[in-house]
Structure formats: C-alpha cells, structure tokens
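One-letter residues, chain by chain:
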Amino acid sequence: TTEIYTLSLHDALPICAPLPSTMVQTDAPPTTPPTAHTKDGMPVSSSDIKLFGSTLFPAVASDSEVAKFTGMVSIRVPDKAEEDGEERAPVLVVAVVDKSGSMSGNKITSLKQTLGYVIKELGKIDRLAIVEYDTNVTTTLPVTLMDAAGKATASRVVEALRPGSMTNLSGGLMEGLRLIPEGIGAETVVSTLLLTDGLANSGIRTARGFVAMVQKAQSKGVGRCSVNTFGFGSDHDATMLKDIAQACEGMYYFIENPDSIAGAFADCIGGLLSVRAQAVELEVRVAEPFQLGEVFSSRPTQVLQHGKIRIALGDLQDGEERDVTFEVAVPRSSACEEQLMATFRLAFFDLVTNDMRDLEATAVIARPAELTAAQKQPNLLVDGNCNRIKGAAAMQKALKLADSRKMEEGRAVLRQAMEEIRASPSSGEEFCVILLGEMEAALGGMRDVSKYHAFGQYQMNNCVHVMSNQRSASSAMPVDSSSNSASFSLYSNAKRSAVRSHRSEEHTSELQSPR
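Definitions and cut-offs
- Residues numbered from 1 in each chain as written.
- Predicted model: local features only at pLDDT ≥ 70, side-chain atom pairs only at ≥ 80, totals over all residues.
- Heavy atoms only, no water.
- Helix = DSSP H or I, 4+ residues; strand = E, 2+ residues; numbered from the N terminus.
- Buried < 20%, exposed > 50% of the residue type's maximum accessible area, 1.4 Å probe, protein only.
- Contact = heavy atoms within 4.5 Å.
- Pairing = 2+ DSSP bridges.
- Axes fitted to C-alpha atoms, helices over the stretch in contact; angles between N-to-C directions.
- Expected span 1.5 Å × (residues − 1).
- Phe/Tyr/Trp six-rings, centres within 6.5 Å; stacked < 30°, edge-to-face > 60°.
- Lys NZ or Arg CZ within 6 Å of the ring centre and 35° of its normal.
- Salt bridge = Lys/Arg side-chain N within 4 Å of Asp/Glu carboxyl O.
- Parallel < 35°, antiparallel > 145°, perpendicular 65-115°, else oblique.
- Left-handed = near helix turned anticlockwise from the far one by under 90°.
- Nonpolar A, V, L, I, M, F, W, Y, C, P; charged D, E, K, R; others polar.

Caption draft 1: Broad picture of the overall build of the chain. Broken down by element type, the chain carries twelve helices and 16 strands. Counting every position in the chain, which comprises 515 residues, the buried fraction comes to 55%.

Caption draft 2: Quick look at the environment of Val303. Within the secondary structure layout, Val303 lies in strand E12 (residues 301-305). With relative accessibility at 63%, the residue Val303 sits in the exposed group. Those residues in contact with Val303, other than ones at most four positions away along the chain, are Lys308 and Ile309.

Caption draft 3: Representation of the sheet that holds strand E6 (residues 137-145) within the structure. If you walk across this open sheet you meet the six strands as E6-E5-E4-E7-E8-E9, and the pairing is mixed. The open sheet terminates on both sides in strands that have one partner only, identified here as E6 and strand E9 (252-255). The mean inter-strand angle of the sheet, taken between neighbouring strand axes irrespective of direction, is 15 degrees. As defined by bridge partners, strand E7 (residues 189-196) adjoins strand E8 (residues 226-232) across six bridges and the pair is classed as parallel. Within the sheet, the bridge partner assigned to Leu194 lies in E8 and is Thr229.

Caption draft 4: Structural detail: helix H9 (residues 430-445). Given a rise of 1.5 Å per residue, 16 residues ought to cover 22 Å, and the 23 Å separating the end C-alpha atoms of H9 matches this to within 8%. Burial in H9 covers these residues: Phe431, Cys432, Ile434, Leu435, Leu436, Glu438, Met439, Ala441, Ala442, Leu443 and Gly445.

Caption draft 5: Structural detail: the packing of aromatic side chains. The tally for this structure, following the rule as stated, stands at five aromatic pairs. Both rings, one in Phe254 and one in Tyr458, keep their centres 5.1 Å apart while their planes meet at 20 degrees; by these two values the pair is stacked. Here Phe254, found in strand E9, pairs with Tyr458, found in helix H10 (residues 449-469); they are 204 residues apart in sequence, far enough to count as distant. Of the residues examined, Phe254 reaches a relative accessible area of 9% and is grouped as buried. For Tyr458, a relative accessible area of 1% puts it in the buried group. Ring pairing ties together the aromatic residues Phe230, Tyr253 and Phe265, which thus form one cluster. The ring of Phe232 has Lys107 sitting right over it, with the charged end atom 5.1 Å from the ring centre.

Caption draft 6: Geometry of the sheet that holds strand E11 (residues 291-296). Spatially, four strands are ordered E2-E3-E14-E11 in an open sheet, and the strand pairing comes out antiparallel. Strands with a single pairing partner mark the edges of an open sheet, and in this sheet they are strand E2 (50-55) and E11. Pairs of neighbouring strands in the sheet enclose a mean axial angle of 25 degrees, with direction left out of account. Looking at chain direction, E11 and strand E14 (residues 321-330) are connected through four bridges and run antiparallel. Bridge pairing in E14 links Leu292 to Val328. Taken strand by strand, helix H7 (residues 380-403) contacts E2, strand E3 (66-76), E11 and E14, and its axis lies near 95 degrees from that of E3.

Caption draft 7: How the structure looks around unusual backbone geometry. Pro289 follows Glu288 through a cis peptide bond whose omega is 10 degrees. Within the fold, Pro289 resides in the loop between strand E10 (275-286) and E11. One non-glycine residue, Ala279, adopts positive backbone phi at about 50 degrees. Relative to the assigned elements, Ala279 resides in strand E10.

Caption draft 8: How the structure looks around the pairing of strand E15 (residues 336-350). Pairing between E10 and E15: eight bridges, direction antiparallel. Considered in E15, the bridge of Val284 is made with Phe344. Where E15 meets strand E16 (residues 355-367), twelve bridges bridge the pair, whose relative direction is antiparallel. Each bridged residue has a counterpart across the sheet, and for Ala347 the counterpart in E16 is Asp358.

Caption draft 9: View of the pattern of salt bridges. Within this structure, the stated rule accounts for 25 salt bridges. For Lys390, the salt bridge is made with Glu420, and the minimal N-O distance between the two is 2.7 Å. Taken as a pair, Lys390 in helix H7 and Glu420 in helix H8 (residues 407-422) lie far apart in primary sequence, 30 residues in all. Exposure remark for Glu420: the relative accessible area of 34% places this residue in the partly exposed category. Residue Arg447 pairs with Asp448 through a salt bridge whose shortest N-O separation is 4.0 Å.

Caption draft 10: Quick peek at helix H3 (residues 169-179). Counting buried positions along H3 yields nine of eleven residues, so the element is predominantly enclosed. When H3 is considered as a whole, its buried residues turn out to be Leu169, Ser170, Gly171, Gly172, Leu173, Met174, Gly176, Leu177 and Leu179.

Caption draft 11: Fine view of the packing of H9 against H10. Where H9 meets H10, the closest approach of the two axes is 8 Å, and the angle between their N-to-C directions is 155 degrees. Between H9 and H10, the angle falls in the class roughly antiparallel. Helix-helix and strand crossings are classified by hand; for H9 and H10 the assignment is left-handed. In this structure, H9 uses Phe431, Leu435, Glu438, Ala441, Ala442, Gly444 and Gly445 to contact H10, whose residues at the interface are Lys451, Tyr452, Phe455, Gly456, Gln459, Met460, Cys463 and Met467. Per-class residue counts for the contact of H9 with H10 are nine nonpolar, four polar and two charged.

What follows is the structure, given as structure tokens:
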C-alpha cells in the first residue's frame, strides 16, 4: 500500500546557507506541522514512520531566479519506550574480536566483561557468533541461538579468551562474514562487530583493500550485514575503521580507555535491538521546470534519470531521523499560491508489519508577486541540517590537512565553518550548540601533532561519521561528562539509553567487586 503525506514547506518542523541579501530573518516562531494523513484521509498513527518535504524558505518571488535553492526531504521514526514490550526483530551478531598481544591486561578483561553483557542482553530469538583473531583466525563460537544452553556455551568461550600475537584484521573480518547464513531474510537484523586496538599488520592493511574485500564478498551473497567498527586506544587506524563502517552501513566507535568498551558495545547493541526498517531506499524527483543540483548525502546515490535519484539509506532504528538536503535551480514563473517542486518516495521493509512498504511526499513552494514577512522567514530545521553538513565537511577537510601535518590550515578551516554556523539563523538551536561544541573539541584536538595523533583524529573521525549518518556512535556512559556524551544524547533512543544504563550499573558493580 502506498501512503501519501503532503506537508506545505512553511509548515514543516524547524532546525546552511546564509540568508540571501533580498530576504530577512524575523523573530516569529516556526509553525507546527499539521497531522499527516494517508491517501484515504485517515490520520497517521504517532507510531508510524513519517516522510515530509521542506525548504529553507517557503516562497520565491515569481519574478526571481535562484541558482541554488535549498530543499530537504525528512524521515522520522517514532521512538518506542523500552517497557513497551512489543515484539522486535530477531538479531544475529557476529563479534570479531582482536586478541593480539597488545590486548592483554585491563583491555582483555573489559572486553570479556562486555561480551558477557552482550550475551546477557540478547534474547532467545537472537543468535551470536564469535571470531577471535591475532596472527591466526579462529571461530570459537559458531552461530548459536541465545537460549539458556547457547548462552552457557557462549559464556565459556568468552571466559577462555586469551591474548595472542599479531593483528590479522582482514582474516578475522572475512571469517565473520562467512559465518552469516546465505539467504538470510530481511526480517532478521544482522551485524558484524569488528574490534581492534592496533594497526592491521597481517593480511590486508588498507581501507580500500578492506572495502573491496567486503563488497566482493557481499556481491556474491556472502556476509549480508552491516559492519560496526570499534577502535580501541590511540594506535588504531581511525580513518580505515570509519571507511569500513561507512561502506558497510555501520558506525565507527572510538574507545578511549578500557572502561569505554562497555559503553560502546551497549550503544551499538541497543541500536541493533531497535531496528524498525531495513533495505530503506529514498527516491527524489524534481518537477519541471526546476533543475536538480547537488544532493548532500553520504549514502550510495544512483542517478535514475534526469532530475531523479535513488539513495540507499540502509536501516532505520526507533527514534531516528534522516534529513537529505539538495539544491535546485528555481526559474521565473507566473504568480501562484503553490508550485510543485519535488516528489519523494520511501521504500522499506517494515519489521513491525513484516512486509515492504512505500511512503510518498511532496515539496511545494509559493510563487507570490511579492514576499510577505512570513515568507522571508527561514526554516530552522533545514538551516540546522545545512549546518550539520557544513560542520561535517569542515571536519573532514581538516582531517585531511592534519594528516599532512598542516595543523594550522586545518584549524583555519574549522574556525571559518564555526563562524558561519554562529552567524546562521539556527545557531541557537540545541543541535547547533552541540555541533559547535564538537568542533571546539576538534580545534583542541588539533592543537599540535602529538595531540592530534593521541586524541584529535579519533574524536574527529567519530564526529564526522555521527553527523553524516545521523546515528549515535558513542562509548560514553550516562554519567560521562566528556564531549562525546553530548553528541551521543543527540542521536540516542530509548533502547540505546536503557541498554547503556543497564550496562553502566553492572559495570559500576564490577569495578567495586574484588578482582
């Protein structure tokens, strides 16, 4: 069934472009969007996924041309209270863990405790596999159902985990992918969790090589899953782990110390246990006479025909949002109250209804002879997402400069983007305040080469990945006051928070117990 949601642009919810010189910002508050309805006129339940379009401004004067006019399509997934008790999709997790010599001591102890918690958190409908790697690669737990017997077996495997020698990262990941049953359906959430504390020094050693290896395997039906990566300490290749996660629809986690392992795995498991939709694809078609310009998305994008694209968005979790901004060229027109600018179609496998679904939405703008004061007011939701893209792009550029030891040039890029964000209409919104805080932390992490190598590169790679994908990837616990905790709260959901809280309580108890 196709469900149609049509929201007027000036009615879309508010959150980067500077204001055009012909337009002024007013202090009037943004309006609240009307209730969405299905094509049969029935109101949509608050528990349903929403799709709607918006633009930076609700109107363009009929006698004006705009070369780069910002539009946006947005997806909203309702959050689900942890105590709702509704059935969820089964989860298959393959943990690929580094047991090289550098993982000895507190690292291996924290890892074992955290894997024990993963076992406890998974339910009797879920499955787990464990692959250990150093120089050699061993499947110590084949895919096992997490009923009482399976949990007992998995716990014995974890308890026997011991540090070894070198780091054959590619061998471990490939073995993990092979464990995933071929032909597994979209009704199951599947993810590989890849943890390392060092550089790959055996087997494939570059990001390009890893991505090519995974894509080749998946093209042959091997390892259909997301890959979440966990970089532990200050010796791992952050860029490589981020690139692997980005290419495989996962997230990159920076684990600063042994105690952070628990928070990172809790955040990731909480997300996997709250997946609402899989195989999500978004189509954007610009109506005549508008011309589609740049589309700002980090996800794989396919041009279907002139003015029409398809974006593969991966999966969606409870409480998540996705916002894709794009530019269109707006020509002159005759005056009218409403002009169709773009249509959107969202296709996905709904894990609640257990079938494929389609949603549709449109974006329209007014073309008056003269703009009213209200029509000159920017949409703060669109403006804030422009700032999100601007901030992530600036940090990505600064990372490349810092990797070439051009620290001051990289800091200059960040400062310029921060100035533009502070001058934007949405600068006072909570999201932009958090974004500026992350960028300030990035400036500190680029203070000098040693600071960058010890901390800055990891914080920045993590932040770029979080902002680009609009998904939490935090190792912070609820009591953590680091800058990382601010960004995780922005994209967290009820399940992630609950799992983190449970793990925090157990971790505190573990620290207080004699070793």
